[in-house]
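Each chain, written out:
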Amino acid sequence: MALIVAKFGGTSVADIERIERAADKIACEVESGHQVAVVVSAMSGVTNQLVGYCGEVSKMHDLREYDVVVSSGEQVTSGLMAMALQKRGIAARSWMGWQVPIKTNDIHGKARIEDIDTVELHKRLGNGEVAVVPGFQGITDANRVSTLGRGGSDTSAVALAAALKADRCDIYTDVDGVYTTDPRIVPGARKIKKIAYEEMLELSSLGAKVLQTRSVEIAAKQKVSLQVLSSFEDHVGSDMPGTLVTKEEDIMEQELVTGIAFSRDEAKVTILNVPDVPGVAAKIFSPLADSNVNVDMIVQNISTDGKATDMTFTAPKNELEQALAVLTKQDFLKKSKIISASNVAKVSVVGIGMRSHAGVANTMFETLAEKNINIQVISTSEIKISVLIEEDYTELAVRALHAAYGLEETA
Ligand code: ADP
Ligand code: ASP
Ligand code: MG
């Protein structure tokens, strides 16, 4: 008998029929003797609609009220899921974030989970009751509803699994596992049977939205056994049909390149004529960090005259306005020119095998050169190489790289 947290994403609870199918899977796990906590997303499209409403009222809305609005989608599906389970003769009840409670910090709109009280949940699960918890939401110390950032139900599920010390966290979604790249972009992408936390962390943070980055961080830290699987197939999680995200030591064969991620959510800012003096990077990036702008790639050019230089960095597209507002306020940049572009994309190759093999970067640069794709910025870490390119070439670059590293499905 195992304790399982099962999360169903938006497309997996998109309508009543899908909720019923998800409930069937939970019923099957319960009948096999497992204890189950279910985490649900909002029905697909609902969160986007709610976010849209907030923007219609005001572009600069109060994020505490934004959280009240956008967290509501998950409330609906958790009630419906509890009803569907009850209909199957299973004792089930919903637990809103504030009822558990799932405590978060007060960064509204992208709050982080700080603590989950599991005493009552454990007691109920032990008595055979299924707990249905809405993903994405929590409560702050000030008793305000908070949300965890887009895709945050993955994080709710993994954090709950860690807090409950669950045997496994199953993430049911609309693909049957983690692939070498987004299978919607490269139909020949290959399903990965097991992937290391560290690689999954890179893939997620570099754009593979199949798991929210924060969920992988928690899984890695708390050693949560995490499975990504399809809710559209007949299997249940305990059949282990999906991709297991696990410790590096558990993976027998390590590929040189495991996968390719891409993100179109990038924007590029270049500051021309920055004074080339010690401390200037801190003066630029500290105020950006203070206003919660997530700066990613950074390049500083060599100064030709020793007095001024150019600085380029990337940040999420939806933080560009904020970044520009912060920079234009800085006195020391009065004589600089700030230019920005949002028609850029970041394409990254990821693999633990890179640690011990040279030549991965070269293959990337040659492949992109062959396709005439210009590289604007490069950044590397031990297990990844990222390049910033023009957005229009994203798919071309991903397909060409996928082929160049031999990642396709072999018949
Ligand atoms: P959910 O609503 O279930 O949370 P998401 O849309 O957030 O689902 O995530 C699933 C999607 O992630 C898939 O439909 C797929 O297009 C995308 N995706 C991106 N990269 C990958 C990858 N490497 N492997 C699998 N899916 C990926
Ligand atoms: N409903 C939220 C979103 O669409 C959270 C989630 O589904 O993970 O971002
Ligand atoms: Mg998701």
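Keep in mind it's a predicted model, so treat the numbers as computed, not measured.

(A) Structural view of the packing of aromatic side chains. Tallying each qualifying case throughout the model produces two aromatic pairs. On the basis of an interplanar angle of 10 degrees and a centroid distance of 4.4 Å, the ring pair of F8 and Y172 is categorised as stacked. Of this pair, F8 sits in strand β1 (residues 3-8) while Y172 is found in strand β9 (residues 168-173), placing the two residues 164 residues apart along the sequence. Under the relative-accessibility criterion, F8 is labelled buried at 0%. Note on F285 and F313: the rings are 5.5 Å apart at their centroids and 80 degrees apart in plane angle, and the pair reads as edge-to-face. Placement of the pair is F285 in helix α9 (residues 280-290) and F313 in strand β15 (residues 308-316), with a sequence separation of 28 residues. Accessibility classification places F285 together with F313 in one group, the buried group. The aromatic ring of W95 is capped on one face by R93, whose charged end is 3.7 Å from the ring centroid. Residue placement shows K283 over the ring face of F332; its charged tip is 4.6 Å from the ring centre.

(B) Here's a closer look at the pattern of salt bridges. Summed over all chains, the structure comprises 26 salt bridges. Where D250 meets K247, a salt bridge forms, and the shortest distance between an N and an O atom there is 3.9 Å. Residue K247 is classed as partly exposed on the basis of its relative accessible area, which comes to 31%. Taken together, the shared-partner salt bridges connect E20, D24, K87 and R88 into one network.

(C) Up close: the site of ligand 2. Taken together, the neighbourhood of ligand 2 is formed by S41, T47, E74, F136, R150, G151, G152 and S153. The backbone of G151 places a nitrogen or oxygen atom 2.8 Å from an oxygen atom of ligand 2. One of the backbone N or O atoms of S153 is found 3.0 Å from an oxygen atom in ligand 2. Bound to the protein, ligand 2 loses 86% of the 260 Å² it would expose on its own. Residues of the shell around ligand 2, tallied by class, amount to one nonpolar, five polar and two charged.

Thresholds applied
Residues numbered from 1 in each chain as written. Chains lettered and ligands numbered in written order. Predicted model: local features only at pLDDT ≥ 70, side-chain atom pairs only at ≥ 80, totals over all residues. Heavy atoms only, no water. Phe/Tyr/Trp six-rings, centres within 6.5 Å; stacked < 30°, edge-to-face > 60°. Helix = DSSP H or I, 4+ residues; strand = E, 2+ residues; numbered from the N terminus. Buried < 20%, exposed > 50% of the residue type's maximum accessible area, 1.4 Å probe, protein only. Lys NZ or Arg CZ within 6 Å of the ring centre and 35° of its normal. Salt bridge = Lys/Arg side-chain N within 4 Å of Asp/Glu carboxyl O. Near = heavy atom within 4 Å. Polar contact = N/O pair within 3.5 Å; in protein donor to acceptor, adjacent residues only side chain to side chain. Areas by Shrake-Rupley, 256 points an atom, 1.4 Å probe, with all protein chains shown as cover. Nonpolar A, V, L, I, M, F, W, Y, C, P; charged D, E, K, R; others polar.

Interpretation note: all reported values are geometric properties and have no functional meaning in isolation.
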